Amino acid sequence: MRDSEIQTLLAELFPDQAAVCFSTGQPSESNLLPEELAHTKKMVGVRRLEFAQGRACARAALESLGLPPVAIPTGSNREPLWPESVVGSITHTDGAAAAVVGHGAQFAGLGLDMESAEPLGEDLIELICRPDEEGRKDGKHAKLLFSIKEAIYKCIYPTVRTFVDFQEMKVEVDSGSHRFAAEAHTPACDQALISRLEGKFATVGELVVSSAWLPAG
Ligand SMILES: CC(C)(COP(=O)(O)OP(=O)(O)OC[C@H]1O[C@@H](n2cnc3c(N)ncnc32)[C@H](O)[C@@H]1OP(=O)(O)O)[C@@H](O)C(=O)NCCC(=O)NCCS
């Protein structure tokens, strides 16, 4: 599948107002801006390239929203620091990267996650899936829950500004509509917030991809 085709499929996981970029293009550190380069100093080579690829996607997504392609530094909890009045999310896996961005007037948060479609290893299933979730019985479903929960975390982080463990979020998947419902099991995260969250998932080639968004207001 071509990058442009995958990008179209990823864009369908979000409302039209969000802009998405997907790339398997060769990342280059020379694309990083000074504020970002400082953050990459302690990274090993592969991680630095992955970071650069994610930043390149983020800038391309900003441009398709009509915004200047500015530096996106990193916050204290590894979160990307978007320009004022912009929200977004970055993901990378197996040589591919993607980013989604949107205007703060429309979204309080956006989350995007991509994982290889390989089933989650048995050793990880209990860490990721709650006893009351379907994923406990099936590594493939567990991988989907893993991806959805990471998309949720990236989406809600700018609002909750605290770590939320995989066991603290229950996810129920509707395989007909390719949507999910989430339930917070932590005082760090108000269920009223999670009830407003929406999201979708899909298998795109060899990847499991998940989206999450919080409407503004
Ligand atoms: C942060 C986390 C979600 C990243 O997922 P991952 O599978 O390791 O990697 P991905 O490539 O999909 O995403 C990495 C990107 O996530 C973004 N990210 C990292 N921390 C973030 C945070 N606190 N908030 C929002 N986005 C964050 C970054 O842009 C990062 O890429 P970069 O470092 O190159 O900028 C994951 O490592 C993690 O810590 N998960 C635990 C929390 C969680 O998922 N809870 C689920 C219940 S809500």
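Residues numbered from 1 in each chain as written. Predicted model: local features only at pLDDT ≥ 70, side-chain atom pairs only at ≥ 80, totals over all residues. Heavy atoms only, no water.

J.: What is the right way to look at the overall build of the protein in this model?
T.: The number of helices and strands found in the protein is 6 helices and 8 strands. Taking 2.2 N^0.38 as the reference for a compact globule, 217 residues should give roughly 17 Å; the C-alpha atoms of the protein span a radius of gyration of 16 Å, in line with that estimate. When its C-alpha atoms are laid out on the principal axes, the protein stretches across 45 × 35 × 35 Å. Looking at the protein residue by residue over its 217 residues, the buried ones come to 48%. (Helix = DSSP H or I, 4+ residues; strand = E, 2+ residues; numbered from the N terminus. Rg over C-alpha atoms; globule rule 2.2 N^0.38 Å. Buried < 20%, exposed > 50% of the residue type's maximum accessible area, 1.4 Å probe, protein only.)

J.: Would you take a moment to explain the environment of Glu 79 for this structure?
T.: Mapped onto the elements of the fold, Glu 79 is located in the loop between helix H3 (45-64) and strand E2 (86-93). Between the C-alpha atom of Glu 79 and that of Gly 95, which follows or precedes it by 16 residues, the distance is 20 Å. Among all residues touching Glu 79, those that are not within four sequence positions of it are Pro 73, Thr 74, Tyr 157 and Arg 161. Within polar-contact distance, the side chain of Glu 79 engages the backbone nitrogen of Asn 77 at 2.9 Å. A polar atom in the side chain of Glu 79 sits 3.1 Å from the side chain of Arg 161. (Contact = heavy atoms within 4.5 Å. Polar contact = N/O pair within 3.5 Å; in protein donor to acceptor, adjacent residues only side chain to side chain.)

J.: Which parts of the structure should I look at to understand the packing of aromatic side chains?
T.: Any two aromatic rings considered together are summarised by their centre-to-centre distance and by the angle between their planes. Summed over the entire model, instances satisfying the criterion amount to 4 aromatic pairs. With a centroid separation of 5.8 Å and 65° between ring planes, the pair formed by Tyr 153 and Phe 163 is classed as edge-to-face. Of this pair, Tyr 153 sits in helix H5 (residues 139-160) while Phe 163 sits in the loop between H5 and strand E5 (169-174), placing them 10 residues apart in sequence. Residue classification places Phe 163 among the exposed residues on the basis of a relative accessible area of 52%. Members of the aromatic cluster, connected to one another through ring pairs, are Tyr 153, Tyr 157 and Phe 163. (Phe/Tyr/Trp six-rings, centres within 6.5 Å; stacked < 30°, edge-to-face > 60°.)

J.: I would appreciate a short explanation of the domain arrangement of the protein in the present structure.
T.: Each assigned domain of the protein is listed here: domain 1 (3-110) and domain 2 (112-212). The straight-line distance from the C-alpha centre of domain 1 to that of domain 2 is 21 Å. Of the residues lining the interface, 23 residues belong to domain 1; the matching set on domain 2 comes to 18 residues. In this assembly, domain 1 packs against domain 2 so that about 1,700 Å² is buried in total across both faces, 65% of it on carbon and sulfur atoms. Area buried by domain 1 at its contact with domain 2 is led by Leu 13, Thr 91 and Thr 93, which between them contribute 31% of it. The interface formed by domain 1 and domain 2 holds 1 salt bridge in total. For Arg 161, the salt bridge is made with Glu 79, and the minimal N-O distance between the two is 3.1 Å. At the boundary of domain 1 with domain 2, the tally comes to 7 residue pairs in polar contact (both at pLDDT 80 or more). Taken together, the elements giving at least two residues each to the side of domain 1 that touches domain 2 come down to helix H1 (3-11), E2, strand E3 (96-103) and strand E4 (107-116). (Domains from an automatic or database assignment. Buried area = accessible area lost by both parts, 1.4 Å probe. Salt bridge = Lys/Arg side-chain N within 4 Å of Asp/Glu carboxyl O.)

J.: Would you explain the layout of surface pockets in this entry?
T.: Empty space among the atoms can be located by rolling a probe the size of a water molecule over them. Of the volumes computed, that of the largest pocket is approximately 920 Å³. Every residue lining the largest pocket is counted, 36 residues in all, and those nearest its centre are Arg 78, Glu 79, Pro 80, Tyr 153 and Lys 154. Elements represented by at least two residues in the lining of the largest pocket include exactly H3, E2, E4 and H5. The element that contributes the greatest number of residues to the lining of the largest pocket is H5, accounting for 8 residues. In terms of residue class, the lining of the largest pocket is made up of 18 nonpolar, 6 polar and 12 charged. Looking at the lining of the largest pocket, you find at least three residues from each of domain 1 (3-110) and domain 2 (112-212). (1 Å grid on protein atoms, 1.4 Å probe; cavity = no way out; pocket = protein on both sides within 12 Å on 5 of 7 lines; lining within 4 Å. Points joined across faces, edges and corners; volume = space filled by probe spheres on them. Nonpolar A, V, L, I, M, F, W, Y, C, P; charged D, E, K, R; others polar.)

J.: Explain the environment of Met 114 to me, please; I cannot follow it from the model alone.
T.: Positionally, Met 114 belongs in strand E4. You can call Met 114 buried: its relative accessible area is 1%. Expressed as a C-alpha distance, the spacing of Met 114 and Ala 96, which sit 18 residues apart in the sequence, is 8.9 Å. Once residues lying within four places of it in the same chain are set aside, the contact partners of Met 114 are Leu 10, Phe 22, Thr 91, His 92, Thr 93, Ala 96, Ala 97, Ala 98, Leu 207, Val 208 and Val 209.

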